[in-house]
Amino acid sequence: MDDTVKIRARLITKEYDMYKTRADKVKAMLSVHKGKAPDFWALKGVSLEVHSGEALGIIGINGSGKSTFSNIISGIIPPTSGDLEIHGDVSIIAIGAGLKGELTGLQNIRVKALMSGMTNQEIDEIIQPVIDFADIGAFIDQPVKSYSSGMRSRLGFAIAVHQHPDILVVDEALSVGDSTFYEKCMEKMDEFKSEGKTIIFISHALAQVEQFCDKVLWMHYGDVREYGDTEEVLTHYRTFTGRFNNLSKKEKRAYQNEAKHKQAVFTLDDLYAREKAESSLPRPVSDAELKQLCARNSIGDPMSKTTWFFLIAMILAALALGTEMVRSPKPLKSALPAPTAVVQTIATETPSRPWKI
Ligand SMILES: Nc1ncnc2c1ncn2[C@@H]1O[C@H](COP(=O)(O)OP(=O)(O)OP(=O)(O)O)[C@@H](O)[C@H]1O
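The paragraphs below set out a description of the structure included in this document. Fair warning: this is a prediction, and the values are worked out from it, not measured in the lab. (Residues numbered from 1 in each chain as written. Predicted model: local features only at pLDDT ≥ 70, side-chain atom pairs only at ≥ 80, totals over all residues. Heavy atoms only, no water.)

1. Overview of the packing of aromatic side chains
The geometry of two aromatic rings is summed up by the distance between their centres and the angle between their planes. A complete count under the given rule lists 13 aromatic pairs for this structure. With centroids separated by 5.2 Å and ring planes inclined at 75°, the aromatic side chains of Trp218 and Tyr237 adopt a geometry described as edge-to-face. Pair noted here: Trp218 is in strand S8 (residues 215-220) and Tyr237 is in helix H8 (residues 230-246), with a separation of 19 residues, a long-range link. There is no split in this pair, since Trp218 and Tyr237 are both buried. Of the aromatic side chains, those joined through ring pairs into one cluster are Trp218, Tyr221, Tyr237, Phe240, Phe244 and Tyr255. Taking NZ or CZ as reference, Arg154 lies 5.9 Å from the ring centre of Phe181, over its face. Looking at Arg225, its charged tip hangs above the ring of Phe240, at a distance of 5.2 Å from the centre. (Phe/Tyr/Trp six-rings, centres within 6.5 Å; stacked < 30°, edge-to-face > 60°. Helix = DSSP H or I, 4+ residues; strand = E, 2+ residues; numbered from the N terminus. Buried < 20%, exposed > 50% of the residue type's maximum accessible area, 1.4 Å probe, protein only. Lys NZ or Arg CZ within 6 Å of the ring centre and 35° of its normal.)

Here you go:
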């Protein structure tokens, strides 16, 4: 492990809109209707720094936001606010994620490798090692939808590690494999670590986390409950889950409902106030920077008034042009802008059918 920061997350939030129908979502995007769908904040300001050669475990009960956070790190979904720096290529392995069911295992290897920017020659070189590592035999030529979850996980892991990413995110992918494959994956992850690569390991299997991770992030209903030394965090987490599991069904439901209510009513102003009172950031920031970190990113926002204005202006211009062309039809060639050389060539070659131009 060295001091080079590979991942720096500062006050990352994720808001999901709980639209009932697709139409409601489209209406909200166009800001046509005033009603706002109920919000749900899956992440309420997560900050951490992960270094080169470090293995970070992410733990937490179901629905605490682990996958949401790992999907943001992997670039699969954008954060709602906050700042994320990633230094290096990221490869994520999650159960079944990223594999196309209709394609064969072999085709999936090619597609995923192409998407990660590998050349055809590089892909040819990794195909056999991936097949050997995944150990799924003749199934490699079968559609992935016919695979068991263990086979999918093996193929996903094999592809991801052979892309040689700088940062490897393993989201519960090892929970479905057998013990032999698990050992093989662990060996590979150790190799990665010793090469200075960074690993994010999301798991409910605390013994695996304990064995492998240098640090642990305990997530709890969108918040960071604790972040630090593996043994310490795991001890506290085990105490919590011991108590939680002893609750009656009714008590558990009440606990969950209260936490989810807090996730529903959360706002970015709350985050700003919380950080003003007690900062969770690894380094101090100015008030202006804090305000920026607590401001919504523009991706996914409803359209601004200016965008609306231009959109409407363009639609009106297109309509006016269309009407003009219908009212005074001209020969197509004169209605069009000056023809290019290619169009002229075709027109010359097909003089009797100029409408083909
Ligand atoms: N696309 C979505 N739209 C709405 N809510 C979502 C969406 N994805 C996740 N959520 C909600 O966000 C919260 C966090 O989910 P997430 O999958 O990140 O938790 P998790 O800790 O990975 O859970 P698990 O351990 O069960 O995998 C949950 O309450 C979940 O229901």
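2. Brief notes about the site of the ligand
In the neighbourhood of the ligand, 14 residues make up the surrounding shell, with Asn62, Gly63, Lys66, Ser67 and Thr68 lying closest. At 3.1 Å from an oxygen atom of the ligand is found a main-chain nitrogen or oxygen belonging to Ser64. A distance of 3.1 Å separates an oxygen atom of the ligand from a polar side-chain atom of Lys260. Bound to the protein, the ligand loses 64% of the 630 Å² it would expose on its own. (Near = heavy atom within 4 Å. Polar contact = N/O pair within 3.5 Å; in protein donor to acceptor, adjacent residues only side chain to side chain. Areas by Shrake-Rupley, 256 points an atom, 1.4 Å probe, with all protein chains shown as cover.)

3. Quick look at the sheet that holds strand S1 (residues 5-17)
Read from one edge of the open sheet, three strands run S2-S1-S4, paired in antiparallel fashion. Only two strands of the sheet have a single partner each, and these edge strands are strand S2 (39-51) and strand S4 (81-86). Between one strand axis and the next, the sheet turns by 20° as a mean value, whatever way the strands run. Relative to S2, S1 is paired through 10 bridges, and the arrangement is antiparallel. Across the sheet, the residue bridging to Ile12 is Val46, located in S2. Sheet contacts for helix H2 (residues 66-73): S1, S2 and S4; angle to S1, the most-contacted strand, approximately 120°. (Pairing = 2+ DSSP bridges. Axes fitted to C-alpha atoms, helices over the stretch in contact; angles between N-to-C directions. Contact = heavy atoms within 4.5 Å.)

4. Structural notes on the environment of Val111
Relative to the helices and strands, Val111 resides in helix H3 (residues 105-115). Residue Val111 is classed as partly exposed on the basis of its relative accessible area of 27%. Separated by 13 residues in the primary sequence, Val111 and Gly98 have C-alpha atoms spaced 9.9 Å apart.

5. Some points on the side chain of Arg8
When you line up the elements, Arg8 lands in strand S1. The residues contacting Arg8, other than those within four sequence positions of it, are Leu48, Glu49, Asp83, Leu84, Glu85 and Arg283.

6. Quick look at the packing of H3 against helix H4 (residues 120-134)
Across the interface, H3 lies against H4 with an axial gap of 10 Å and an inter-helix angle of 135°. In this view, H3 runs oblique relative to H4, as classed from their interaxial angle. When the axes of H3 and H4 are compared, the crossing they make is right-handed. The segment H3 lies against H4, with Leu106, Ile109, Arg110, Ala113 and Leu114 engaging Asn120, Ile123, Asp124, Ile126, Ile127, Val130 and Ile131. Of the residues contributing to the contact of H3 with H4, the split by class is nine nonpolar, one polar and two charged. (Parallel < 35°, antiparallel > 145°, perpendicular 65-115°, else oblique. Left-handed = near helix turned anticlockwise from the far one by under 90°. Nonpolar A, V, L, I, M, F, W, Y, C, P; charged D, E, K, R; others polar.)

7. Notes on the sheet that holds strand S3 (residues 55-59)
The six strands are arranged S5-S6-S7-S3-S8-S9 in an open sheet whose pairing can be described as mixed. The sheet is open, and its two borders are formed by strand S5 (90-94) and strand S9 (223-229), each paired with just one other strand. Direction aside, neighbouring strands of the sheet carry axes that sit 15° apart on average. Inspection of the sheet shows S3 paired to strand S7 (residues 198-202) by four bridges, in the parallel sense. Bridged to Gly57 within S7 is Phe201.

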